[in-house]
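Single-letter residue listing:
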Amino acid sequence: MKKLLFLLALAASPFVMVAQDDAPPPQDTSWKKIYRATSTRVNDLVHTKLDVKFDYAKAWMYGKEWLTLKPHFYATDSLTLDAKGMDIKEIAMMKGASKSPLKYTYDGWQLRITLDKIYKGGENYTVYIDYTSKPNEVKVKGSAAINDAKGLYFINPTGEEKDKPTQIWTQGETEANSVWMPTIDKPNQKTTEEIYMTVPAKYVTLSNGLLKSQKKNADGTRTDYWKMDLPHAPYLFFMGVGDFAIIKDSYKGKEVSYYVEKDQAPYARGVFGTTPEMMKFYSEKLGVEYPWQKYNQIVGRDYVSGAMENTTATLHQESAYQNARQLTDGNGWETVICHELFHQWFGDLVTTESWSNITVNESMADYSQTLWMEYKHGKDAGDEENQQGLRQYLSNPNEAKKDLVRFRYSDKEDVFDLVSYQKGGRVLHMLRNYVGDDAFFKSLNNYLNTNKFKTGESDQMRLAFEEVTGMDLNWYWNQWYFGSGHPKLNIDYKYDDAAGKVSVIIEQTQNTGKIFKLPIAIDIYNGAQKIRRKVWVENRIDTFTFPYTQKPDLINVDGDKILLCEKNDNKTADNFIHQIKYAPLYLDRIEALDYFAKNSMIKLADGLKDKYAPIRASTINKLAKSKQANDAGVVTAIENICKTETNKKAKVAALDFLAAKADAKYLDLFKANVGDSSYSVAGAALGGLAALEPDNAYTLAKKYTKDAKGDLGVVVSDIIMSKGSEADFDFIANSYDKAPPSQEKVAASATFAAYLEKVQNIANVKKGIDKIIEFRNLVPEQFRSFVDPTIKGGLDKLAKAKGSEITEYIKGLWK
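Chemist: Please provide a residue-by-residue account of the packing of helix H19 (residues 694–704) against helix H20 (residues 710–723), values included.
Modeler: In the contact formed by H19 and H20, the axes pass within 9 Å of each other and the chain directions differ by 125 degrees. Relative to H20, H19 is oriented oblique. Seen from above, H19 lies across H20 with left-handed handedness. Together, Pro694, Asp695, Ala697, Tyr698, Ala701, Lys702 and Tyr704 of H19 and Leu712, Val716, Ile719, Ile720 and Lys723 of H20 make up the contact between the two elements. Split by residue class, the contact of H19 with H20 holds nine nonpolar, no polar and three charged.

Here it is, written out as structure tokens:
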């Protein structure tokens, strides 16, 4: 499935969990007694043929379906289909071209059909269903990853919203496609597919497989015929309709296309253009060629999640759109694109057999981001991506209570979390290190080839690795896949110069009663020379003793920096100084810089010369908060970075550093950069200008409102909110409303509330409050404690400023 974009942004944010005024209601824990077994296959889907037409005025879909099935093994005379919230007009058995009515019962959720006879195992039969889908009348719970789950979405169907296109798209995962097509809506089903889609002739369509034909109709519509002749799961079925430009690319003769709104066509290749290279990279790494007929990507308005890996037709949310100025900062959607593409192998070619085993889909796709970044941008970028995933997982301590493969959960949507994605990706990273690159990718190849066009589970992944490596890996799977939590390590060093030996003491301090088994490397440095020792940590306290003739300059535990853990590594300052100089990895340098920052050491400035731009940027941000912020050498170095830095994000950090000084000598620097092609650089420069010439900055902010996205948009909104008048309300409210969910929008909520204190029009004040609370309500309940202190704090100040009417208004909306 898609990345958990909003959820992850909050998880990585500085907001902390706080006690709430009201105790939470008692939770229903009865689900802990329910074993979530793989769905029993009484009947198997074989082929799905659909003929659909859309009623835009009613937001209905009229469907006719020919569903071919067969009993899985045992003979049966009945069929149960998922069909949520439909009007059923006719159900019949097909015999050639003739139909014979079938008896059925329908509870609004499932169809229970009595077949015309007993069918033997493997004997095909075809059922015809005439129905109407009414997706807006179905209430289905979503997940933290999907904030809605009604399957079929009509976007601005009657064209009432003038600034929004009319579109249709579908979202099937987990089991929502059965809102618009009767099916066995389980991940362990696979079926080939045909769809005839009749739409207004001005629109284009997209579905799985290939577009085989198009027929113009006399009523101004057109019928497109899409065919997928390779089997895939029902939740991966897709339909998209709208006024899209189609930007065509290719990979080894297969169509690769990007469906975007027409004003986004000039930028489509900038966003999606690395897709063929990604297909080549993953095909070669896995030793399995891209398995489908084509690969399309489409961007949908108001999409309910990040992106979705529908077979051959990935759907992205509109945050994927980036113009040329945004792309100068780098493609912010790159890891989403590679994540969804990797699903075409792990998720689509081989599909999890149950939601309990979602790790074989999502952990794999999450780790694909590390693989791509490492290949495309270098090892530091891959390690940074990996470390970001670890931080996201560790940010929520409650996640440590969950198994990676879990057969007990309250709702199937609950498995789409930081464990299935980020923790699972780090588990794969450790596994890759343990077995080695060749064995890792050969094992993935084995898993794919053994289970292609079928389903898989975690144990099948283990068996694939065991067959390749010759190792028994039950211990690894039991610990990381069928167990919860992670180690917390305290690392001490005892040197005995007289005896010429050092003891490395590793203590597991987690209080769960569980002790982890960890194969790791310990690197012993003298100068640039390194000796590697491989050891197993497997007790609560392990002591490893190594001889020396010269006292080591550094002992680096977990030399490959792959462990999924929390750690307290009691190295000295001299150790970390040696580490940043000689230990080569991204995390080696980050750990040293973090130590220097924590201990207010001027060595922190060494990070300004790092080869990797994100480390340079991180160093500047650390220095800004340190005692070295006013050191003349540091300030001079950062001034030079502003002049010479080619990486936009590092330059932004430098500009922000200097802006915080509010020194008039930087006025020309800010003016020179306020028109930069990068929104981020321009935003940082405008922020610096605002501290020195607020009236000029306000004038420029008003000027830039027509082209202010990303960081520039945030700064422009902040300036106008802080200095603007009531006349700016429409702009400010619309800017806030259109900003994507993010931690920046959480902070902007408080700023928006402060602006509303200046607004005298009570109707507009209430409109603003509505928008703030509407955004807050989008946050999944389990994450609201991250955002509520900031948002509620802003609203409380507004209520105090405005009096009883607004106080009561906020109370009435806040839930």
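After that view, the rundown keeps rolling.
Chemist: Requested: an account of the packing of aromatic side chains, with residues and values cited.
Modeler: Two aromatic rings, taken as a pair, are described by how far apart their centres are and by the angle between their planes. Across all of its chains, the model carries 44 aromatic pairs by this definition. Seen from their ring centres, Phe465 and Trp477 are 6.0 Å apart, and the 50 degrees between their planes marks the pair as tilted. Residue Phe465 is found in helix H10 (residues 458–469), and its partner Trp477 is found in helix H11 (residues 474–480); the two are separated by twelve residues along the sequence. The buried category is assigned to Phe465, whose relative accessible area is 0%. For Trp477, a relative accessible area of 0% puts it in the buried group. Over the ring of Tyr119 we find Lys117, and its NZ or CZ is 4.8 Å from the ring centre. One Lys or Arg, Lys551, reaches over the ring of Tyr495 and ends 4.7 Å from the middle of that ring.

Chemist: Describe the pattern of salt bridges, with residues and values.
Modeler: For the coordinates displayed, the defined rule picks out 51 salt bridges. Between Lys648 and Asp676 there is a salt bridge whose closest N-O contact spans 3.2 Å. With Lys648 in helix H16 (residues 648–659) and Asp676 in the loop between helix H17 (667–673) and helix H18 (679–692), this residue pair connects regions lying 28 residues apart in the sequence. A relative accessible area of 14% places Asp676 in the buried class. Overlapping salt bridges bring together Glu399, Lys402, Arg406 and Asp417 as one network.

Chemist: Residues and numbers for the side chain of Asn188, please.
Modeler: With respect to the secondary-structure elements, Asn188 resides in the loop between strand E10 (167–170) and strand E11 (191–200). Of the residues examined, Asn188 reaches a relative accessible area of 6% and is grouped as buried. There is a polar contact of 2.8 Å between the side chain of Asn188 and the backbone oxygen of Ser39. Apart from the residues lying within four places of it in its own chain, the contact partners of Asn188 are Thr38, Ser39, Arg41, Thr352, Glu353 and Thr455.

Cut-offs applied
Residues numbered from 1 in each chain as written. Predicted model: local features only at pLDDT ≥ 70, side-chain atom pairs only at ≥ 80, totals over all residues. Heavy atoms only, no water. Axes fitted to C-alpha atoms, helices over the stretch in contact; angles between N-to-C directions. Helix = DSSP H or I, 4+ residues; strand = E, 2+ residues; numbered from the N terminus. Parallel < 35°, antiparallel > 145°, perpendicular 65-115°, else oblique. Left-handed = near helix turned anticlockwise from the far one by under 90°. Contact = heavy atoms within 4.5 Å. Nonpolar A, V, L, I, M, F, W, Y, C, P; charged D, E, K, R; others polar. Phe/Tyr/Trp six-rings, centres within 6.5 Å; stacked < 30°, edge-to-face > 60°. Buried < 20%, exposed > 50% of the residue type's maximum accessible area, 1.4 Å probe, protein only. Lys NZ or Arg CZ within 6 Å of the ring centre and 35° of its normal. Salt bridge = Lys/Arg side-chain N within 4 Å of Asp/Glu carboxyl O. Polar contact = N/O pair within 3.5 Å; in protein donor to acceptor, adjacent residues only side chain to side chain.

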